[in-house]
Amino acid sequence: MQLTVIGCWGAYPKVNEASTGYLLEYDGFRLLIDCGSAVLSKLQQFVKPTMIDACIISHYHTDHIADIGVLQHALMIDSIITGSEKQLPIYGHTLDAGEFAKLTYKQYTQGVAYSEGRESNIGPFTVSFLRTNHPVPCYAMRFEAGGKVLIFTADSAYQDSFIRFAKDADLLLSECNFYEDMDGENAGHMNSRDVGTIAKKANVKQTVLTHLPQFRDVETLVKEVKKYYNGPVQLAKLGLQIDV
Ligand SMILES: [Zn+2]
């Protein structure tokens with residue numbers, strides 16, 4: 001699997017960057033994970049919107065879905081110009097029926113339900129889900145392809161269930177929205193100690209920190225995670241590519 005970071009900022013994007021969005025590729029299949037603010041713009045540094053084979057949404061907070069509408073516009077305009085009949089599946093949960101319905105747009109995109117306890121087969125990826133601890137329903141995801149495993153925590157406060165969910169994963173892509181001296185629980189987010197604890201106890205092979213805060217020096221997060229976890233840790237950033 002190859003992961004490309006399209007956007008890594010929590011809440012809203014920094015100047016000339018994007019909030020949450022990742023491109024996961026395997027065997028020629030391209031899956032867009034979350035589609036936050038400015039993701040459509042930054043995505044085009046790597047692929048055309050029409051080259052995406054599927055999209056999956058962790059939850060319906062704006063910093064994860066802001067660009068769904070413009071993605072749909074891009075596909076519609078391509079279809080009008082080229083005559084393409086391609087329909088993009090957008091996977092999401094159905095615990096918010098109104099938001100799930102917006103994943104379907106005319107004949108250009110089709111909302112597809114996923115749920116915890118049931119694996120989804122999306123192209124070459126086998127995807128399973130874990131409900132997170134967040135103010136709105138949100139799901140962490142486990143992507144498996146080619147014998148490798150990538151875990152995306154999505155948005156969540158700390159919960160022990162991440163340790164089993166992420167056990168021995170090749171890559172942990174974890175939100176890290178707060179510094180060690182801050183308590184993220186009320187906001188439904190993790191601090192660097194939470195992430196380091198999960199990474200160590202789950203014995204993951206490497207960790208990438210994302211959903212980053214706009215305040216202070218984010219390099220501090222890496223140092224703080226390393227107090228708890230001995231494996232490699234780095235910050236997500238626009239254009240970062242990792243082969244898993
Ligand atoms: Zn959120």
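Residues numbered from 1 in each chain as written. Predicted model: local features only at pLDDT ≥ 70, side-chain atom pairs only at ≥ 80, totals over all residues. Heavy atoms only, no water.

Digging into the coordination of the zinc ion
- Protein coordination at the zinc ion: the donors are H59 (NE2), H61 (ND1), H134 (NE2) and D155 (OD), at 2.2 to 2.4 Å from the metal.
- In this structure, the zinc ion is surrounded by 4 donor atoms whose angles at the metal cover 87 to 172 degrees, and the resulting shape is irregular.
- On the primary sequence, the residues serving as donors to the zinc ion are separated as H-x1-H-x72-H-x20-D.
- For H59, a relative accessible area of 0% gives the class buried.
- Residue classification places H61 among the partly exposed residues on the basis of a relative accessible area of 25%. (Donors = N, O, S within 2.8 Å, 3.2 Å for Na, K, Ca; no water. Tetrahedral: all angles 85-135°; square planar, octahedral: opposite > 155°, others 65-115°. Buried < 20%, exposed > 50% of the residue type's maximum accessible area, 1.4 Å probe, protein only.)

Topic: the pattern of salt bridges
- Overall, the coordinates contain 7 salt bridges when judged by the stated rule.
- Of the charged contacts, one joins E144 and R142 as a salt bridge, the two residues approaching to 2.8 Å between their closest N and O atoms.
- A residue is classified by how much of its surface remains accessible, and E144, at 30% relative accessible area, is partly exposed.
- On the basis of relative accessible area, R142 is assigned to the partly exposed category, the value being 23%.
- A salt bridge links D170 to K205; its shortest N-O distance comes to 3.6 Å. Remark: K205 occurs in the loop between α6 (192–202) and β12 (207–210) and D170 occurs in the loop between α5 (161–165) and β11 (171–175); sequence separation between them is 35 residues.
- Among the residues examined, D170 registers a relative accessible area of 13% and is labelled buried. (Salt bridge = Lys/Arg side-chain N within 4 Å of Asp/Glu carboxyl O. Helix = DSSP H or I, 4+ residues; strand = E, 2+ residues; numbered from the N terminus.)

The analysis is restricted to geometry; functional conclusions fall outside its scope.
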